[in-house]
Amino acid sequence: MVLAATANAAAPPTAEVNTTGLAVTDDTVNVGILHSVTGTMAISEEGSVQAEILAIEQINAMGGVLGRQIEYIQEDGASDWPTFADRSRKLLRQDNVAAVFGCWTSASRKAVLPIFEQYNGMLYYPTFYEGLEQSPNVIYTGQEATQQILAGLNWVKEEKGAETFYLLGSDYIWPRTSNKIARKHIEDVLGLEVVGEDYFPLGHTQFNSAINRIRLKKPDVIYAIIVGGSNVAFYKQLEAAGIDLTDGKTTLLTISVTEDEILGIGGRNIEGAYAAMKYFQSLDNPNNEAFVKAFKERWGEDSVIGDVTQAAYLGPWLWKAAVEKAGSFDIDKVREASPGIELTTAPEGYVRIHENHHLWSKTRVGRAMANGQYEVVFETDELMEPDPFPEGYQ
């Protein structure tokens, strides 16, 4: 349970910590939460909202930020990119929030990015993504391609002896760009073969034709980057078609299915699949034990925590640390203070903000179990340096 807020020392005068018209008083500071709570992406983004609210409540219980309690304004992106753009403009121009924690898909991030850069807002973006971007107005708390796509493909080649791959994805920028990077790595670096590639509209639910093609091609690896509610239909239809991911004949490697999606898919339908992420709820460390306990106390024993949910939880804590280092809520000062910020209490273990606004973090591979959790089967020995612009993949 979140502790009761402690008594604050006298807050620094607003004039000293806010010179740019943000919604900051002597007692409060406003931030925004911008995620899809309706539409096909709600299955994935609900956990991010819960994690951000939990972090804000915990920070407030500790006394807030620079002596101020955080108040959040929540907006629904509704799984629609123009809506994300509209809501981000409201948060920055009408609500004058000091930071926004939000977005999930790359399409939503790309839709809001020009607005954050135009109005000089600060976005904390939690999702693993394709890289090839670096903005002074975004802190990327998920992994980029070298930390997830390339590392995962290297693992499946080495551990499973994979030689042939079938690529699948939802039809928008992240899956297409990620698979472009994956294909280049598979063919040009690993010297292996891609035997098929398919894309589907967001919300798509009929995968039988693609599954038939997979059965004909018999790839060593099904590389799946399907997002949102479509995952429920895909994995159920895959299981119904007799493709048993536990029999060792076919390896499925995903970079888009976290414990949040498995809650809808059902553990039995995805058992045996592998996921390349940086966080799994099953991680065994004291930070994660405390986080999982607090999350379930706040959101219910049946709630689950996936990779993006954990990365979303980091956002308010990293922002708090940067604000306190800067001694100000002003965006330019917070941005300048951000590189080098470290979080030793991160559920994943430890993270640090790189000068390129991405996080140093470990890469892990988990095997899906029937109970809806992942068993961690691999993790890098050291933190991986983020490189959003890997040479040869642009």
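Residues numbered from 1 in each chain as written. Predicted model: local features only at pLDDT ≥ 70, side-chain atom pairs only at ≥ 80, totals over all residues. Heavy atoms only, no water.

**Student:** Just checking my understanding: could you explain the packing of helix α2 (residues 42-61) against helix α11 (residues 286-299) for this structure?
**Tutor:** How two helices sit against one another is set out by the angle between their axes and by the gap between those axes. Direction vectors running N to C along α2 and α11 enclose 105°, while the axes themselves pass 11 Å from each other. When the interaxial angle is binned, α2 and α11 end up roughly perpendicular. Along the contact surface, α2 presents G47, Q50, A51, I53, L54, E57 and Q58, while α11 presents F291, A294, F295, R298 and W299. Each residue belonging to the contact of α2 with α11 can be placed in one class, and the counts come to seven nonpolar, three polar and two charged. (Axes fitted to C-alpha atoms, helices over the stretch in contact; angles between N-to-C directions. Helix = DSSP H or I, 4+ residues; strand = E, 2+ residues; numbered from the N terminus. Parallel < 35°, antiparallel > 145°, perpendicular 65-115°, else oblique. Contact = heavy atoms within 4.5 Å. Nonpolar A, V, L, I, M, F, W, Y, C, P; charged D, E, K, R; others polar.)

**Student:** Sorry if this is basic, but what is going on with the confidence of the model for the chain here?
**Tutor:** Detailed reading of the predicted coordinates is not advisable wherever pLDDT is low. For the chain, per-residue confidence averages 95 on the pLDDT scale, and residues scoring 70 or more make up 97% of the total. Every residue in residues 1-8 is under pLDDT 50, and counting partners more than four places away or in other chains gives 16 contacts. (pLDDT = per-residue confidence, 0-100.)

**Student:** Could you clarify how one ought to interpret helix α7 (residues 208-217) in this entry?
**Tutor:** Each full turn of the α-helix corresponds to 3.6 residues, which orients residues three or four apart in the same direction. Among the residues of α7, A210, I211 and I214 are the ones counted as buried. Along α7, the residues classed as buried sweep out an arc of 100° about the axis, all on the same side. Turned more than 90 degrees away from the buried face of α7 sit S209 and L216, all of them exposed. Packed against the buried residues of α7 are β6 (164-170), β7 (193-200), β8 (221-225) and α8 (230-240). Trailing α7 by a residue or two, K218 shows a phi angle of about 50°, which is positive. (Buried < 20%, exposed > 50% of the residue type's maximum accessible area, 1.4 Å probe, protein only. Arc of directions from axis to C-beta.)

**Student:** Teacher, can you tell me more about the sheet that holds strand β5 (residues 138-140) here?
**Tutor:** Strand pairing in a sheet is mediated by backbone hydrogen bonds. Such pairs are either parallel or antiparallel. Taken together, five strands build an open sheet; the order of strands is β2-β1-β3-β4-β5 and the sheet is parallel. Both outer strands of the open sheet, β2 (69-76) and β5, are each paired with one neighbouring strand and no more. The sheet shows a mean angle of 25° between the axes of neighbouring strands, taken without regard to direction. Alignment of strand β1 (residues 28-35) against β2, held across eight bridges, turns out to be parallel. The partner of L34 across the bridge, within β2, is E75. Packing against the sheet, helix α3 (residues 81-94) makes contact with β1, β2 and β3 (100-102), and its axis sits at approximately 150° to β2. (Pairing = 2+ DSSP bridges.)

**Student:** Sorry, what's going on with the environment of D244 here?
**Tutor:** Tracing the backbone shows D244 in the loop between α8 and β9 (251-254). Using a relative accessible area of 37% as the deciding quantity, one classes D244 as partly exposed. Spatially, the C-alpha atom of D244 lies 19 Å from that of I226, the residues being 18 residues apart in sequence. At 2.6 Å, the side chain of D244 forms a polar contact with the side chain of T246. (Polar contact = N/O pair within 3.5 Å; in protein donor to acceptor, adjacent residues only side chain to side chain.)

**Student:** Looking at this structure, I do not really get the packing of α2 against helix α12 (residues 307-326). What am I missing?
**Tutor:** Packing of α2 against α12 leaves a shortest axis separation of 8 Å and a crossing angle of 30°. In this structure, α2 meets α12 at a crossing whose hand is right-handed. Between α2 and α12, the residues in contact are G47, S48, A51, E52, L54, A55, I56, Q58 and I59 and V308, T309, A312, Y313, P316, W317 and K320, respectively. Residue composition of the contact of α2 with α12, by class: 10 nonpolar, four polar and two charged. (Left-handed = near helix turned anticlockwise from the far one by under 90°.)

**Student:** In this structure, what is going on with the nonpolar core? I would like to understand it.
**Tutor:** The biggest cluster of nonpolar side chains holds 78 residues, and the ones touching the most others in it are I149, F165, Y223, F234, Y235 and L252. Examining the composition of this core, we find that six residues originate from one element, helix α5 (residues 145-160), more than from any other. Ignoring any residue separated from it by four or fewer positions in sequence, one finds F165 in contact with L153, V156, I186, L192, E193, V194, V195, G196, P219 and V221. Ranked by size, the runner-up nonpolar core spans 46 residues in total, among them V17, A55, I56 and I59. (Core = buried A, V, L, I, M, F, W, Y, C linked by side-chain atoms within 4.5 Å.)

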